[in-house]
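Examination of the molecular architecture
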Amino acid sequence: MENAEGGSMDLIMKGFDWLATLAFLNILWLGFTLAGGILFGAGPATFAVNALVKKKLHQGDLSHVFTKFKTEFKEHFKEGNRYFWLVTAASLFIYVDIRVIQALPQNTFIQLIVLPSLLILSALVIIVATFALGVYFEFGDSVIKSLKDAFWLTLISPVAGIMIVHAFLIGLLIYAYVPALIMFYSVSSYAFVTQWIMSKTFKRIKRKKYSNSY
């Protein structure tokens, strides 16, 4: 009985530890994003959040968070900005297309072909952009190569891709109802969920690759 209670307390404490860490990481993300004028801060800050979430998932502990965040921000400044601009360009392309289509007279072709295609493309951008972060920190490749590998990874890991899209949409729904959470968990909680999903995906792929080599 005491062991069960001790286990429950440990689980609760780990939960509170994660909540506090994610809140702090998200505040740091906001601060460093603003410090970089958004255009030069959002990418590196996003990389820093994902790097530290990944470390905590693997190590279970994360100390000196501010110092480590600043180090990760500086280390991935160039690649983080390159990632941010590429993903932003793709997102703007889709957004403009949707706005143009909304301004056009609606017909069957637009409703049954064009709009569903844009929705699928939007989901693909979300998945590839997310997988690229996982690939980047898992294998240490450049952003361009990580994006290319993320595209192929999306094709061979449809379940993980669907989970990523659901995590993104559920996050949007939660923050629409509770906007106050955006400041504390918008980026960090998504990083936590998706890094966990991707870690499982990478383990499965490595295990499958290892078994096929024998």
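Residues numbered from 1 in each chain as written. Predicted model: local features only at pLDDT ≥ 70, side-chain atom pairs only at ≥ 80, totals over all residues. Heavy atoms only, no water.

**Concerning unusual backbone geometry**
Put simply, the test is: Numbering of helices and strands runs from the N terminus, with a helix taken as a DSSP run of H or I at least four residues long and a strand as a DSSP run of E at least two residues long.
Within the chain, Ile-38 stands out as a residue other than glycine whose phi angle is a positive 65°. By the element assignment, Ile-38 lies in the loop between helix H1 (2-35) and helix H2 (42-59). Positive phi, normally seen in glycine, also occurs at His-64, with a value near 50°. As for its position among the elements, His-64 is in the loop between H2 and helix H3 (65-75).

**Digging into the nonpolar core**
For clarity, the cut-off: Residue types Ala, Val, Leu, Ile, Met, Phe, Trp, Tyr and Cys, when buried and joined through side-chain atoms within 4.5 Å, form a set referred to as a nonpolar core. Exposed residues in this analysis have more than 50% of their type's maximum accessible area, buried residues have under 20%, and partly exposed residues fall in between, with area computed by a 1.4 Å probe over protein chains only. Contact definition: two residues touch when any of their heavy atoms are within 4.5 Å.
Grouped together as the largest cluster of nonpolar side chains are 23 residues, with contacts concentrated most on Phe-47, Tyr-83, Phe-131 and Val-143. Sorting elements by how many residues they give to this core places helix H5 (residues 108-139) first, with 10 residues. Setting aside residues no more than four positions away along its own chain, Val-143 makes contact with Phe-47, Glu-79, Tyr-83, Leu-86 and Tyr-136. Ranked by size, the runner-up nonpolar core spans 20 residues in total, among them Leu-22, Leu-52, Val-53 and Phe-69.

**Comments concerning the packing of helix H4 (residues 77-103) against H5**
Operational definition: For helices, the fitted axis covers only the stretch in contact; all axes are lines through C-alpha atoms, and the angles between them, taken along N-to-C directions, range from 0 to 180 degrees. Note that the term roughly parallel is reserved for angles under 35 degrees, roughly antiparallel for angles over 145, roughly perpendicular for angles of 65 to 115, and oblique for everything else. Lys, Arg, Asp and Glu make up the charged group, whereas Ala, Val, Leu, Ile, Met, Phe, Trp, Tyr, Cys and Pro make up the nonpolar group; the residues left over, Gly among them, are polar.
Relative to each other, H4 and H5 sit at 170°, their axes nearing to 11 Å. Relative to H5, H4 is oriented roughly antiparallel. Between H4 and H5, the contacting residues are Glu-79, Tyr-83, Val-87, Ala-90, Ser-91, Ile-94, Asp-97, Ile-98 and Ile-101 on the first element and Ile-110, Val-114, Leu-115, Leu-118, Leu-121, Ser-122, Val-125, Ala-129, Thr-130, Ala-132, Leu-133 and Tyr-136 on the second. A breakdown of the residues in the contact of H4 with H5 according to their chemical character gives 16 nonpolar, 3 polar and 2 charged.

**Regarding the side chain of Ser-186**
So the rule is basically this: Counting of polar contacts relies on pairs of N or O atoms within 3.5 Å, with two restrictions inside protein: one atom must be capable of donating a hydrogen and the other of accepting it, and residues adjacent in sequence are counted only when both atoms are side-chain atoms.
Within the secondary structure layout, Ser-186 lies in helix H8 (residues 182-212). Among the polar contacts made by the side chain of Ser-186, one reaches the main-chain carbonyl oxygen of Ile-182 at a distance of 2.7 Å. Ser-186 has contacts with Asn-26, Tyr-175 and Leu-181, leaving out every residue within four places of it along the chain.

**A closer look at the environment of Val-125**
Within the secondary structure, Val-125 sits in helix H5. Overall, the relative accessible area of 19% leaves Val-125 in the buried class.

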